[in-house]
Amino acid sequence: MRPEEISKKTEQLVTIKPEDLSPLPFPYDTYEETPITPLKEEQKKKWEHSLDGVSALTLPKPETPEEEERLVKAFLSGLEKLMTKENNWTFLQPLMLSMEYCAKCQTCADACPAFEASGRKDIYRPTFRADVLRKIAKKYLSKGGKILAGFRGHDIDLNWDTIARLAELAYRCTLCRRCASVCPVGVDNGLITHELRKLFSQEMGIAGPEIHEKGSVKHLKFGSSTGMTTAAVADIIEYLEDDIEEKTGKRIKIPLNKKGAEILLIHNAGEFMAWPENPMAFAILFDAAGIDYTLSTDLVGYDAVNYGLWYDDVQFARVALKHIEIARNLGVKKIVIGECGHAHKALSVIADRLLPGAQMIPRESSYTLLNDIVKSGKIKFDPTKNDFPVTLHDPCNAVRLMGIVKPQREVINAIFPPGRFREMEPHGVKNYCCGGGSGFAIMSSGNFTDWKRLVSGRKKLTQILNAFQGEMDPSIKKMVCAPCSNCKGQIRDMLESYEVYEKTGIWYTGLVELMVNAMVDQEKPFLEWPGEDDDDDM
Amino acid sequence: MGFLQILTYLSGLVFVIAFGAKLLKYATMPMHVRWELYPIPHEGKEWGGSFYEEIDHWKKVRHKDHMAQYRFMVPEILFIRALHEDNKPLWYWSFPFHMGLYLCIGGLVFLGFGAFVQIFGMVPENSALASLFQSLTTVFAVPGYILGTIGALGLIVKRTTDSNLTDVTAGIDFMNLIWLGLLFVTGFIVWLQDPGFNVSRAFFQSLLTFGPMKEPMSAIHVVNLLIFIGFWAYFPFTPMTHMVSKYFMWDKVKWDDNPNRGDAGMDSKIKKYLTYPVTWAAVHIDSQGGKKTWADIATTNPWDNKEQK
């Protein structure tokens, strides 16, 4: 399909059929897939869905031709602003280079897990949405753009259908940037998707509801994207202390708002709600290692997420600056980011050039600190307590986009018996996204959950299953270590949808939970497998 | 001075101005936020690691392995390694095409050297140096023509028949390949007529001396020259200048992992950018149509204290 066909007046451009999808390994090689649930008639009337029958944004249809026209003009205006230094100094240079220089070689297509998993649907090629944007910019914003537009390859119609499909298409890429890592001329089609999302959000107020209204807005309004308020967070921490006492027999005080502490530890607040074992394990490890740290209960300070990273520079900056301000007010020496991949990149890398150097504060990955704890010998580990096969998922944000590859592997090798750790293929900086990247893990509007299950998460499920081939008997318990909240969320959803634990014995957890499980001082197993505890919500 | 010489000067002028403007445009764009992509060769960690793997990395002196960048980039430029590793079916044609271009450029450089020494009376018949330049011109240019022709033809066929490429290939892409293909083919024919490149060298000499062209030029040679002149002026306006992205996207984007440690230059840029006016129109930005700056909107939390916490 040519990118120009995005403007076509048709009910739906593409249909995802189960028989087209890439095959899954044993024991799912004969698995009968459930197709994407079609939207209900009333939903179809309300929401744009003409790209692939999926609505991730629940984007309302314009009610009048005048409204359509206004939205088309707003889109063009946003595209113009995207290409000015005043409005987009943050990404102007890589954006303009990527807009100008695609060599149309399609090398990126084979690197894209969504394209491959979908059965190579053209609309999911990394170049497809980028080309649509390039063609619109050339035809409608460059001088003489309409002259010989067909011959020059950018004769595209700009209408509401184009824009509505482009908006949905901006949310069919996980921003893993695998495509950029193989491009022979350096073009970054992942960045173009990022910029497209910015255009929609910053100019037109269009974004995934879970990452904007229910995400960064809630974060700035209540203190956390989970909706957890500053008043509630102290209570939750107290519950964690009770749970730690129950699990370890030891009362550990989790320090809050401790001025002058060495470290401000910020978790993804989703951990408190969905995987409390994770912040509990951090508290146990830091206590045992004698780490001088604190958590914050200040607005925004107890939630490391920064959803603006995926769609809006302004929302991004507001949250990042708040994190830095809180750390400075506490007088800590550094911020340590918990097991959250996008928070790693947001605060360590992207936020690095938001303020003059003197106003910044050092940021460090928890993976690095945890490895340092292991190497220091301050905590004794007994690898035989983790005597089960394990594989490691590499969160794109922390690994390909930050270069933190070895520390988490060194930790695993120290807390597992020899031969128990097996890598996924490929891994490290060549890893595949979990399928929940760029906000997908928390996005569930319309029938988007089905798309994630069938398409974006498929490659990772394939990798996980491949890592344990030969030991698929469900009585052999096996673990995927995913040291990132959003990746964990996506992997949980995939394992549950496909009943992977029941069929193969594969489950998932974070890194710190595995560390505490292997601690010599830990009398009872810290890890809980499904079915071991009725209250388990791991 | 003849018509062809004037056209060549004009073409060169257009090239220098347009290509220079392009470089200047990208070089003067604002410093962007970091957007690196690993592996970064200068980190010196073959597994793709970075300084973030080290505890208290900001307290340590950074060691950049600059030679590693060259070890990566030289084979990348010469042999198009990325394509070789990730898209071999296309590399089989793209590599000879690019290598053909490089060799022809090399041949042109040696032709220029030969023309230069010829000004001082050193010709292949009486000078070892001039003879060496003549031989090197042939050694570079002739394989260049052959490889370039094979590559151009292969790419045309590939773009016509490969379903991955047909939908993304426009008329202009075929035109560019045909244009370059004709340059290689006519160049080869010119060489068959003039194996010593004597006429070409004489033309180059006339360009260097602003003098008249003494040797007669065949019709096919004139065609070859016109194809070259046209392409030279056209090239900077096309995406075929992807060596620009190859430099900036790697050196200034994917490999730019310079942390903000209070460097005066970086600080002054950031301070300047924070004063830029913002005109984004979405309600939550609250830019007030450019009345607010990046510093204003980034340090304002529109939702703070509006709801009970």
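Criteria and thresholds
Residues numbered from 1 in each chain as written. Chains lettered and ligands numbered in written order. Predicted model: local features only at pLDDT ≥ 70, side-chain atom pairs only at ≥ 80, totals over all residues. Heavy atoms only, no water. Helix = DSSP H or I, 4+ residues; strand = E, 2+ residues; numbered from the N terminus. Rg over C-alpha atoms; globule rule 2.2 N^0.38 Å. Contact = heavy atoms within 4.5 Å. Pairing = 2+ DSSP bridges. Axes fitted to C-alpha atoms, helices over the stretch in contact; angles between N-to-C directions. Domains from an automatic or database assignment. Salt bridge = Lys/Arg side-chain N within 4 Å of Asp/Glu carboxyl O. Nonpolar A, V, L, I, M, F, W, Y, C, P; charged D, E, K, R; others polar. Buried < 20%, exposed > 50% of the residue type's maximum accessible area, 1.4 Å probe, protein only. Right-handed = clockwise from strand over helix to strand, strands pointing away. Buried area = accessible area lost by both parts, 1.4 Å probe. Polar contact = N/O pair within 3.5 Å; in protein donor to acceptor, adjacent residues only side chain to side chain. Core = buried A, V, L, I, M, F, W, Y, C linked by side-chain atoms within 4.5 Å.

Chemist: Could you give an account of the overall build of chain B, with specific residues and numbers?
Modeler: The helix and strand inventory of chain B stands at 12 helices and 0 strands. The C-alpha atoms of chain B give 26 Å as radius of gyration, which overshoots the globular expectation for 309 residues (19 Å, by more than 25%). The dimensions of chain B, computed from C-alpha atoms along their principal axes, are 90 × 50 × 45 Å. For chain B, restricting intrachain contacts to residue pairs at least 6 apart in sequence, the fraction spanning at least 24 positions comes to 64%.

Chemist: Go over the sheet that holds strand β7 (residues 506-509) of chain A with me, naming the residues and quoting the values.
Modeler: All names here are of chain A. In spatial order, the strands read β5-β6-β7; together these 3 strands make up an open sheet with parallel pairing. Strand pairing shows two members of the sheet lacking a second neighbour, β5 (390-392) and β7, which therefore form its edges. Direction aside, neighbouring strands of the sheet carry axes that sit 25° apart on average. Strand direction decides the pairing type here: β5 and strand β6 (residues 478-481), joined by 3 bridges, are parallel. Bridged to Val 390 within β6 is Met 479.

Chemist: Explain the domain arrangement of chain A to me, using residue names and the numbers behind them.
Modeler: Residues and elements named next belong to chain A. For chain A, the domain assignment lists domain 1 (3-206), domain 2 (213-370) and domain 3 (380-517). Across the contact, 25 residues belong to domain 2 and 28 residues belong to domain 3. Across the domain 2-domain 3 interface, the total number found is 1 salt bridge. In this structure, Lys 488 engages Glu 271 in a salt bridge whose closest nitrogen and oxygen atoms are separated by 3.0 Å. Residue assignment for the side of domain 2 that touches domain 3 shows that the elements contributing at least two residues are α12 (270-274), α13 (277-289), α14 (308-311), α16 (341-348) and α17 (366-376). The biggest single contributor to the side of domain 2 that touches domain 3 is α13, with 6 residues. In terms of residue class, the side of domain 2 that touches domain 3 is made up of 13 nonpolar, 8 polar and 4 charged.

Chemist: Outline the pattern of salt bridges, supporting the account with residue identities and numerical values.
Modeler: A full pass over the atoms with the stated rule returns 59 salt bridges over all chains. One salt bridge in this structure joins Asp 394 of chain A and Arg 409 of chain A, with 2.6 Å as the shortest N-O distance. With a gap of 15 residues between them, Asp 394 of chain A in the loop between β5 and α18 (406-415) and Arg 409 of chain A in helix α18 connect regions that are remote in the sequence. Taking the relative accessible area as the measure of exposure, Asp 394 of chain A reaches 2% and is therefore buried. Accessibility expressed as a relative area gives 9% for Arg 409 of chain A, which makes it buried. A salt bridge links Arg 71 of chain B to Asp 65 of chain B; its shortest N-O distance comes to 3.0 Å. Classification of Arg 71 of chain B by relative accessible area gives exposed; the value is 51%.

Chemist: Before we move on, can you summarise the pairing of strand β3 (residues 334-337) of chain A with the specific residues and values?
Modeler: Residues and elements named next belong to chain A. Residue alternation in β3 divides its side chains into two sets, Lys 334 and Val 336 and Ile 335 and Ile 337, and both sets are buried. Alignment of strand β1 (residues 263-266) against β3, held across 4 bridges, turns out to be parallel. Directly across from Leu 265, in β3, lies its bridge partner Val 336. Judged from the 3 bridges that link them, β3 and strand β4 (residues 363-365) form a sheet pairing that is parallel. In the strand pairing of β4, Ile 337 is matched with Ser 365. With α16 bridging β3 and the parallel β4, this β-α-β connection has right-handed handedness.

Chemist: Describe the domain arrangement of chain B, listing the residues and the values that go with them.
Modeler: Along its sequence, chain B is organised into domain 1 (3-35 + 80-241) and domain 2 (274-298). Averaged C-alpha coordinates put domain 1 of chain B and domain 2 of chain B at centres separated by 48 Å.

Chemist: Give me the sheet that holds β1 of chain A: which residues, what numbers.
Modeler: All names here are of chain A. Spatially, β2-β1-β3-β4 is the arrangement adopted by the 4 strands of the open sheet, whose pairing is parallel. What marks the edges here is a single partner per strand, and that holds for β2 (293-294) and β4. Against the sheet, helix α15 (residues 313-330) makes contact with β1, β2 and β3, and its axis sits at roughly 145° relative to β1, the strand it touches most. Where α17 meets the sheet, its contacts fall on β1, β3 and β4, and the angle it forms with β4 comes to roughly 65°.

Chemist: Tell me about the interface of chain A and chain B, residues and numbers included.
Modeler: Contact residues are listed per partner, giving 93 residues for chain A and 88 residues for chain B. Here chain A meets chain B over a buried area of about 8,200 Å², counting both sides, of which 61% is carbon and sulfur. For the chain A face of the interface with chain B, the top three residues by lost area are Trp 89, Gln 93 and Arg 353 of chain A, together amounting to 12%. Between chain A and chain B we count 6 salt bridges in total. The partner of Arg 34 of chain B in a salt bridge is Asp 352 of chain A, with the nearest N and O atoms 2.9 Å apart. At the junction of chain A with chain B, the criterion picks out 54 residue pairs in polar contact (both at pLDDT 80 or more). For the side of chain A that touches chain B, the residue count by class is 44 nonpolar, 22 polar and 27 charged.

Chemist: A description of the side chain of Lys 81 of chain A should follow, citing residues and the corresponding values.
Modeler: Mapping Lys 81 of chain A onto the fold places it in helix α2 (residues 65-82). Here Lys 81 of chain A is in contact with Asn 87, Asn 88 and Glu 203 of chain A together with Thr 279, Trp 280 and Ala 281 of chain B, once residues within four sequence places are set aside.

Chemist: Kindly report on the environment of Arg 120 of chain A, identifying the contributing residues and their values.
Modeler: Of note, Arg 120 of chain A is situated in the loop between α5 (113-117) and α6 (126-141). For Arg 120 of chain A, a relative accessible area of 37% gives the class partly exposed. Separated by 98 residues in the primary sequence, Arg 120 of chain A and Ser 22 of chain A have C-alpha atoms spaced 8.7 Å apart. The residues touching Arg 120 of chain A, leaving out its near neighbours within four places in the chain, are Asp 110 and Phe 115 of chain A together with Asn 164 of chain B.

Chemist: Describe the nonpolar core, and please don't skip the residues or the numbers.
Modeler: Judged by nonpolar contacts, the single largest core of 245 residues is most densely connected at Phe 75, Tyr 171, Leu 285 and Phe 286 of chain A. Here this core takes 9 residues from α15 of chain A, the largest share from any one element. Those residues in contact with Phe 286 of chain A that sit more than four places away from it in its chain are Leu 265, Ile 291, Tyr 293, Leu 369, Leu 370 and Ile 373 of chain A. Core analysis: the second largest hydrophobic core is formed by 6 residues, Leu 299, Val 300 and Val 319 of chain A together with Trp 303 of chain B among them.

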